[in-house]
Every structure is written in structure tokens, then in C-alpha cells.
Amino acid sequence: MKHNTFVNHPPEVEVPSDNRPLVAPIYQSVKFSFDDAGETLRYLRGEREGFYYSRTSNPTLRQLELLLAQLQGREECLLVGSGVATIAATALALCKQGDHILAFIESYPPTRYIVQHVLAKYGVTHSLLSIEDRDAIERVLGERSTRLALFESPTNPVTKIADIEHLTAHARRSGCLTVMDNTFAGFHNHGGFDVDVFLHSLTKYASGHGDVMGGAIIARRELIAGMRKDLVSLGPTLDPHAAFLIQRGMKTYFLRYERQCANALAVSRFLQGHARVKRVFYPGLESHPQHALAKRQMNDFGTVVSFELDGGFEQGNRFAEALRFFSIAASLGSTESLVTPPQLMSGQEYTPEQRAASLITRGTVRLSIGIEDVEDLRQDLAQALDQAFV
Ligand SMILES: Cc1ncc(COP(=O)(O)O)c(C=O)c1O
């Protein structure tokens with residue numbers, strides 16, 4: 001073998017079967033080969049286990065899929081390259097021309113975009129309601145044949161809580177599938193409800209360190225099997241190295257989430273007592289209008305705190321810029337704290353009625369709370385509130 005052949009067929013290293021690595025290796029390989037064409041054919045016909053091409057399956061992804069499915073209390077999981085890819089992929093795989101979707105004003109903006117603009121191009125219609133409007137939810141599900149109800153809880157940014165039992169019961173009765181973007185609440189929440197499909201952006205709490213993107217679709221076996229068939233051809237797969245980083249992040253998921261929730265409650269209590277804060281939105285506060293519902297549905301209350309500043313865009317920007325430990329940046333759920341000032345959340349695509357239902361005003365600030373020392377966070381917020389109003 002010449003050297004230019006040798007570099008393409010390097011020596012193989014066998015790890016003895018009684019000598020295992022504690023951390024599973026990254027299968028950073030696009031292709032997997034069988035010993036002969038017959039076995040390859042058997043795999044392609046679904047007659048044997050194995051791996052062949054990483055757009056279809058990969059051992060590093062499989063380990064993460066099995067972990068996340070079990071944490072969320074469902075049979076199967078499908079990984080994709082980002083959180084928004086889970087939304088687009090699920091809608092594309094489950095809907096056809098002429099179907100109707102129930103979506104919500106309070107949903108993540110790209111979710112609304114997918115429903116209102118992308119799916120609309122393919123003849124899928126929608127109703128856009130407030131997640132709090134129980135009567136309208138019952139009416140739409142009772143009157144219109146609806147393929148999917150696509151919802152979140154807590155919602156972004158003002159942490160409204162969906163009444164999951166109410167929504168899923170009415171959806172089930174009318175043959176509508178429920179799809180819950182469970183990113184804010186996490187894998188350890190809501191698994192006991194009759195939700196058909198859970199979506200997660202793994203970019204947030206799963207990876208936890210803000211250095212990798214991913215998404216998970218979690219559901220019962222036959223739903224995932226149907227989606228996998230379509231998505232293998234659409235190609236939004238996660239890279240094995242990203243899956244490895246997310247798997248590593250999951251080791252500290254519960255520690256981080258617990259600490260972030262404790263910090264979020266302390267921060268929301270501090271803000272509640274501040275003269276320049278008109279209103280605080282955190283489901284863990286007794287003053288939250290749906291605190292009792294959140295307590296019934298969740299094991300904890302999440303790590304996003306929003307509040308209404310006694311001011312507008314100018315004070316909001318000054319406040320955000322004065323913070324030392326909160327960066328002005330997108331996303332949430334990583335170890336570090338983040339702030340979104342009101343001007344970056346102005347919801348320009350809303351009609352006046354939708355804006356009123358969203359509860360987002362010119363003073364709404366969103367905080368994503370990290371794992372920093374809580375006293376540092378409180379002091380930082382106090383000094384920034386002072387500076388916003390000098
Ligand atoms: C509720 C929710 N769903 C989905 C996403 C999208 O996730 P990604 O950024 O991984 O595409 C986000 C991102 O902020 C989100 O907040």
C-alpha cells in the first residue's frame with residue numbers, strides 16, 4: 001500500500017469488549033459499511049439493525065434520542081439541527097394541503113411565521129387565538145376539523161400558562177393532534193399530559209452552554225416513524241459532534257435547571273418589590289395570574305422572568321446596557337444570564353388586538369436567568385434600574 005492509499009485506509013484500533021470508554025465516542029462518520037452487499041441489502045430492507053448513512057441514523061444521535069425520549073416519557077425521538085427545524089419538520093410531516101392548524105398569538109415568532117407564511121403557501125389554513133381564550137379554543141376545535149394544535153407553556157416572554165388538560169381533552173375529542181413546544185419547561189415537565197408530540201430546542205437547556213444548536217421531536221413510536229420517513233428525504237439532521245456536545249450538556253441539565261429556577265424566583269421577588277417595576281411575570285410568584293395552574297402542571301416554574309418597567313424603550317435600553325452580568329443577546333437557558341430590552345421585542349407583526357392579547361408593551365423586559373451567584377444578579381439589577389432612571 002502506497003502512502004497516498006495508506007492515509008485513506010489508516011490502521012484500525014480495536015477496543016477490547018471488556019475495556020469500555022466511560023464517555024461514548026463521537027461517531028463522526030457519515031458512512032457505515034457492512035461486510036457484504038447481502039447484509040447491506042438486509043439493512044436497507046429493514047430486516048436487520050445497523051447504521052448506513054448519517055442523514056438516516058447515527059449511533060451518537062441514537063444515544064441522545066433514547067435519553068431524551070425517556071426523559072420526556074415517550075417512546076421515540078427524532079433529532080434535527082435546530083429548535084425551529086422541529087416546528088417546520090413536524091408541521092410539514094403531519095399536515096397536507098387543505099388541513100387546518102390551531103396556533104397561538106403568544107407563540108415563538110418563527111412558529112407563527114411558519115404557520116402564517118410557510119404552511120399557508122401549501123394551502124394549510126390556521127386560526128390564531130390567545131392561549132388564554134378557552135372559549136375560542138373549544139369553539140374552533142368543536143366547529144372546524146383541525147389537524148394540529150401547536151402550543152407552548154410557559155409562553156415567551158410573559159410566561160402565560162396553557163391549560164394543557166383543557167386543550168388536549170378538546171383536541172382529542174375532535175381528532176386533532178397536539179404538538180407542544182416544551183422548550184421553556186424542559187424534558188422533566190408535562191410528560192404526564194395527553195400531548196401527542198413534544199418539541200424542544202436543544203440549543204437552550206439541553207446543551208446549556210450556548211455553544212451548539214439542535215432540536216428534538218419526541219412522540220409515540222408510530223408518529224416518529226412516519227415523520228422520520230419524510231424527514232430523511234428533507235434532510236434537517238443533527239451533526240454527530242453537536243449531538244455529542246448536547247449529550248455532554250445533559251449530564252448537568254438537572255443541576256443547572258434547578259439552580260436557574262431558584263435564581264429566577266429570587267430575582268422575580270426582588271423585582272416585585274422595586275418601585276420602578278410595574279409588574280413581574282414569573283409563574284412561581286403567587287401574584288402570577290396562573291400560579292395555581294402552573295403549580296398543578298409543572299415541577300418547577302422555569303428560568304425566564306419578564307417584567308414591565310415603569311418607562312419605555314429609552315429606559316429599557318439604558319437598563320439593559322447598564323447591566324454587567326446580563327448580556328443583550330438572543331436565546332435563553334444557558335449558564336449565563338441574558339436580557340432582552342423592550343425595543344427588541346416590539347412584536348411588529350401583531351395587529352393591535354393581538355398585541356393587546358400578547359401583553360407585550362413598550363416597557364416589557366425579558367430576563368433569562370443563569371447559574372451565577374444570586375446576590376450578584378440582584379445587585380446588578382438594582383444598579384441598572386437606578387441608572388435607567390437617572
Ligand atoms: C420556545 C422556543 N421554541 C423554539 C426556539 C427555536 O430554537 P432554535 O434557536 O434552536 O432554532 C426557541 C428559541 O428561542 C424558543 O424560545
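Throughout what follows, the structure given in this document is the object of discussion. Since we're looking at a predicted model, the values are computed, not measured.

**A word on the nonpolar core**
The nonpolar side chains of a soluble globular protein tend to be buried, and buried together.
Turning to step 1, where the next piece is worked out: Judged by nonpolar contacts, the single largest core of 76 residues is most densely connected at Leu68, Phe319 and Leu367.
Turning to step 2, where the next piece is worked out: Among the nonpolar cores identified, the runner-up in size contains 29 residues, and Cys95, Leu199, Ile224 and Ile360 belong to it.

**A few points about unusual backbone geometry**
Turning to step 1, where the next piece is worked out: Of note, the bond from serine 153 into proline 154 is cis; its omega dihedral lies within 30 degrees of zero at -10°.
Turning to step 2, where the next piece is worked out: For proline 154, the location among the structural elements is in the loop between strand S4 (148–152) and helix H7 (164–173).
Turning to step 3, where the next piece is worked out: With an omega dihedral of 0°, the bond running from asparagine 156 to proline 157 counts as a cis peptide bond.
Turning to step 4, where the next piece is worked out: Take proline 157: it is sitting in the loop between S4 and H7.
Turning to step 5, where the next piece is worked out: Positive phi values are uncommon outside glycine, yet leucine 359 reaches one of about 65°.

**So, the packing of aromatic side chains**
Two aromatic rings, taken as a pair, are described by how far apart their centres are and by the angle between their planes.
Turning to step 1, where the next piece is worked out: The tally for this structure, following the rule as stated, stands at nine aromatic pairs.
Turning to step 2, where the next piece is worked out: Measuring from centroid to centroid gives 4.9 Å for tyrosine 253 and phenylalanine 254, while their planes differ by 85°, and the two rings are edge-to-face.
Turning to step 3, where the next piece is worked out: The exposure class of tyrosine 253 is buried, given its relative accessible area of 1%.
Turning to step 4, where the next piece is worked out: Taken together, the aromatic side chains of Phe187, Tyr205, Tyr253, Phe254 and Tyr257 make up a single cluster linked through ring pairs.
Turning to step 5, where the next piece is worked out: The ring of phenylalanine 313 is capped by arginine 362, whose NZ or CZ atom sits 4.0 Å from the centre of that ring.

**Digging into the site of the ligand**
Turning to step 1, where the next piece is worked out: The immediate surroundings of the ligand are formed by 14 residues, with Gly83, Asp181, Ser201, Thr203 and Lys204 found nearest.
Turning to step 2, where the next piece is worked out: Contact between the ligand and serine 201: an oxygen atom at 2.7 Å from a side-chain N or O atom of the residue.
Turning to step 3, where the next piece is worked out: Taking threonine 203, its side chain carries an N or O atom lying 2.5 Å from an oxygen atom of the ligand.
Turning to step 4, where the next piece is worked out: Against a free-state accessible area of 390 Å², the protein chains account for coverage of 93% of the ligand.
Turning to step 5, where the next piece is worked out: Looking at the shell around the ligand residue by residue, the class counts come to five nonpolar, six polar and three charged.

**Re the environment of alanine 382**
Turning to step 1, where the next piece is worked out: Within the secondary structure, alanine 382 sits in helix H14 (residues 374–388).
Turning to step 2, where the next piece is worked out: Sequence-wise, alanine 382 and lysine 2 are 380 residues apart; in three dimensions their C-alpha atoms are separated by 69 Å.

**With respect to helix H3 (residues 59–72)**
Turning to step 1, where the next piece is worked out: Taking 1.5 Å per residue as the helical rise, H3 with its 14 residues ought to reach 20 Å, and the 20 Å between its terminal C-alpha atoms agrees with that figure.
Turning to step 2, where the next piece is worked out: Those residues of H3 that sit buried are Pro59, Thr60, Leu61, Leu64, Glu65, Leu68, Ala69 and Gln72.
Turning to step 3, where the next piece is worked out: As for H3, its buried residues are in contact with strand S1 (76–80), strand S6 (197–201), strand S7 (215–219), helix H8 (221–234) and helix H9 (240–250).
Turning to step 4, where the next piece is worked out: One side-chain oxygen at the N-terminal end of H3 lies 2.8 Å from the backbone nitrogen of threonine 60; it belongs to asparagine 58.

**Description of the pattern of salt bridges**
Turning to step 1, where the next piece is worked out: Using the criterion set out here, one finds 21 salt bridges in the structure.
Turning to step 2, where the next piece is worked out: Here arginine 62 ties to glutamate 76 by a salt bridge, and the two come within 2.9 Å at their closest N and O atoms. Separated by 14 residues along the polypeptide, arginine 62 in helix H3 and glutamate 76 in strand S1 bring together distant segments of the chain.
Turning to step 3, where the next piece is worked out: The partner of glutamate 132 in a salt bridge is lysine 160, and the shortest N-O contact between them spans 3.0 Å. Residue glutamate 132 is located in the loop between strand S3 (125–129) and helix H6 (134–143), and its partner lysine 160 is located in the loop between S4 and H7; the two are separated by 28 residues in the primary sequence.
Turning to step 4, where the next piece is worked out: A relative accessible area of 41% places glutamate 132 in the partly exposed class.
Turning to step 5, where the next piece is worked out: Salt bridges here are not isolated pairs; linked through shared partners, they connect Arg172, Asp194, Asp196, Arg220 and Glu222.

**Structural notes on the side chain of serine 57**
Turning to step 1, where the next piece is worked out: Considering the arrangement of structural elements, one finds serine 57 in the loop between helix H2 (37–44) and H3.
Turning to step 2, where the next piece is worked out: A residue is classified by how much of its surface remains accessible, and serine 57, at 18% relative accessible area, is buried.
Turning to step 3, where the next piece is worked out: Residues within four places of serine 57 in sequence aside, it is in contact with Phe32, Tyr43, Gly50 and Phe51.

**A word on the sheet that holds strand S5 (residues 177–181)**
Turning to step 1, where the next piece is worked out: Read from one edge of the open sheet, seven strands run S1-S7-S6-S5-S4-S2-S3, paired in mixed fashion. Of all strands in the sheet, those with a lone pairing partner are S1 and S3, marking the two edges. Ignoring which end each strand starts from, the neighbouring axes of this sheet average 20° apart.
Turning to step 2, where the next piece is worked out: Here strand S2 (residues 100–104) runs beside S4; their pairing, made up of two bridges, is parallel. In the strand pairing of S4, leucine 102 is matched with alanine 149.
Turning to step 3, where the next piece is worked out: Sheet strands touched by helix H4 (residues 83–94): S1, S4, S5, S6 and S7. Its angle to S6, the strand with the most contacts, is close to 150°.

Reading guide: rules and limits
- Residues numbered from 1 in each chain as written.
- Predicted model: local features only at pLDDT ≥ 70, side-chain atom pairs only at ≥ 80, totals over all residues.
- Heavy atoms only, no water.
- Core = buried A, V, L, I, M, F, W, Y, C linked by side-chain atoms within 4.5 Å.
- Buried < 20%, exposed > 50% of the residue type's maximum accessible area, 1.4 Å probe, protein only.
- Helix = DSSP H or I, 4+ residues; strand = E, 2+ residues; numbered from the N terminus.
- Phe/Tyr/Trp six-rings, centres within 6.5 Å; stacked < 30°, edge-to-face > 60°.
- Lys NZ or Arg CZ within 6 Å of the ring centre and 35° of its normal.
- Near = heavy atom within 4 Å.
- Polar contact = N/O pair within 3.5 Å; in protein donor to acceptor, adjacent residues only side chain to side chain.
- Areas by Shrake-Rupley, 256 points an atom, 1.4 Å probe, with all protein chains shown as cover.
- Nonpolar A, V, L, I, M, F, W, Y, C, P; charged D, E, K, R; others polar.
- Expected span 1.5 Å × (residues − 1).
- Contact = heavy atoms within 4.5 Å.
- Salt bridge = Lys/Arg side-chain N within 4 Å of Asp/Glu carboxyl O.
- Pairing = 2+ DSSP bridges.
- Axes fitted to C-alpha atoms, helices over the stretch in contact; angles between N-to-C directions.

None of the figures reported here should be taken as evidence of function without further support.
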